[in-house]
Amino acid sequence: MRIVGLPARVGDRMAATLTGVARRAGVSISTASRAFGEPDRLAPPTLGRVLEAAGELGYATSQSATATRTFGVVVPDVANPVYATLLKAIQGQAWHGRHRIVLFDADEDLRREREQIEQARKLDGMLLCSPRLPDADVLDLIGDTPCVVVNRQIDGAPCVLMDPEHGPSQAIEHLAALGHTHIAYAAGPRGSWADARRADTVARACERHGIRLTGLSHHAASIQGGRAAAAPAAASGATAVIAYNDLVALGLEAGLLELGKRCPADISIVGIDDIDLAGAVTPALTTVRMPIERSGALAVDLLLQAMNGTAIDDVVTLGSQLIVRASTAPPPAS
């Protein structure tokens, strides 16, 4: 799988899809989408390049882009800053076309998520953000409703992914360079696609660098979940912990401090997401920055294409990167 820093196609297939048009024109998918939905937002040379690429590939451009649409957005936990940021990006992108969104908060409950997808399918379309249900259940519930999945890959559905590999691999390389030889991974919610991919990436990176890895049990993707993981992290003897997300990392730091462990003097901590709070705490959190806003905006563009009758089957991955701050340091001397 090829990872790119800006919206682009992942894979080798060139076809008459929006992604193919974007690649041929040398622009992002969101820019290509605006050429058909909001052409007045593009500079004439850019618009011309996109339309020329569409003509060369035979991409269908006869779409009722001016119609106002109403689509559902299903998230696992609206209180999580990641989903708040994602929702703001989705809302902003929808507003440009005067489209409306209906929010569904599953509250990390599978039964509620199922019921909410059933409700959302009655609208013009839906965005499923990090759904927890099994793939087959999600596809069955979606039916023929236009849908884009965000932050999870489901075969048979268009997906916008936040790279689970490059940034976390950089984090392990960073910790290895600092001299850490024993790292723990604080897992997130059971059933999370992102958690499984991040855990696998961390395990493979640790193996490459000859680092001992201790996997901690699954906890909620929250500060409370991080506090719950603090005692197992301390007992593991690891000198560094990479957490499922920033909230878990911040909870870990607070819980470890209560146990007499200081960050980073006694134990280094790395988060994932780079929420606003990550750079405002002391010590500032080393974390993997995820393209949250771009994922939301791109997902809306793809969904509008699908709601306008264009077949969208793309899997697009947006790049991640390590942001080094003050929560990581060399391990304490033996």
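Because the structure is predicted, anything quoted here is derived from the model rather than measured.

Caption draft 1: Region of the structure containing unusual backbone geometry. Following Cys-263, the chain continues to Pro-264 via a peptide bond in cis, the omega torsion being 5°. Along the chain, the position of Pro-264 falls in the loop between helix 10 (246–258) and strand 9 (268–273). Cis peptide bonds are those with omega within 30 degrees of zero, and the linkage from Thr-282 to Pro-283 qualifies with 0°. For Pro-283, the position within the fold is in the loop between strand 9 and strand 10 (286–289). Its identity is not glycine, yet Asn-151 carries a phi of approximately 65°, on the positive side.

Caption draft 2: Seen up close, the packing of helix 1 (residues 18–25) against helix 3 (residues 44–57). With their axes 8 Å apart at the nearest point, helix 1 and helix 3 run at an angle of 120° to one another. Regarding the angle of helix 1 to helix 3, the classification is oblique. As helix 1 runs across helix 3, the sense of the crossing is right-handed. Contacts from Gly-20, Val-21, Arg-24 and Ala-25 in helix 1 reach Arg-49, Val-50, Ala-53, Ala-54, Glu-56 and Leu-57 in helix 3. Partitioned by chemical class, the residues of the contact of helix 1 with helix 3 number six nonpolar, one polar and three charged.

Caption draft 3: The sheet that holds strand 4 (residues 147–150), seen in detail. The strand order across the open sheet built from six strands is 2-1-3-4-5-11, with neighbouring strands paired in parallel fashion. Across the chains shown, the open sheet's two edge strands, defined by having one partner strand only, are strand 2 (100–105) and strand 11 (315–318). Within the sheet, the average angular offset between the axes of one strand and its neighbour, ignoring direction, is 15°. Inspection of the sheet shows strand 3 (residues 125–129) paired to strand 4 by four bridges, in the parallel sense. The residue of strand 4 that forms the bridge with Leu-127 is Val-148.

Caption draft 4: Structural context of the confidence of the model for the chain. Residues of the chain with pLDDT of at least 70 account for 92%, and the chain-wide mean is 90. Ignoring residues within four places in sequence, the model shows residues 1–15, a span with pLDDT below 50, making 42 contacts including any to other chains. Ignoring residues within four places in sequence, the model shows residues 61–65, a span with pLDDT below 50, making eleven contacts including any to other chains.

Caption draft 5: Here's a closer look at the pattern of salt bridges. Applying the stated criterion to the full structure yields eleven salt bridges. Here Arg-204 ties to Asp-200 by a salt bridge, and the two come within 2.9 Å at their closest N and O atoms. Of the two residues, Arg-204 and Asp-200 both sit in helix 8 (residues 193–208), four residues apart, roughly one turn of that helix. The class for Asp-200 is partly exposed, based on a relative accessible area of 39%. What emerges from the salt-bridge pattern is a single network uniting Asp-274, Arg-289 and Arg-325.

Conventions adopted
- Residues numbered from 1 in each chain as written.
- Predicted model: local features only at pLDDT ≥ 70, side-chain atom pairs only at ≥ 80, totals over all residues.
- Heavy atoms only, no water.
- Helix = DSSP H or I, 4+ residues; strand = E, 2+ residues; numbered from the N terminus.
- Axes fitted to C-alpha atoms, helices over the stretch in contact; angles between N-to-C directions.
- Parallel < 35°, antiparallel > 145°, perpendicular 65-115°, else oblique.
- Left-handed = near helix turned anticlockwise from the far one by under 90°.
- Contact = heavy atoms within 4.5 Å.
- Nonpolar A, V, L, I, M, F, W, Y, C, P; charged D, E, K, R; others polar.
- Pairing = 2+ DSSP bridges.
- pLDDT = per-residue confidence, 0-100.
- Salt bridge = Lys/Arg side-chain N within 4 Å of Asp/Glu carboxyl O.
- Buried < 20%, exposed > 50% of the residue type's maximum accessible area, 1.4 Å probe, protein only.

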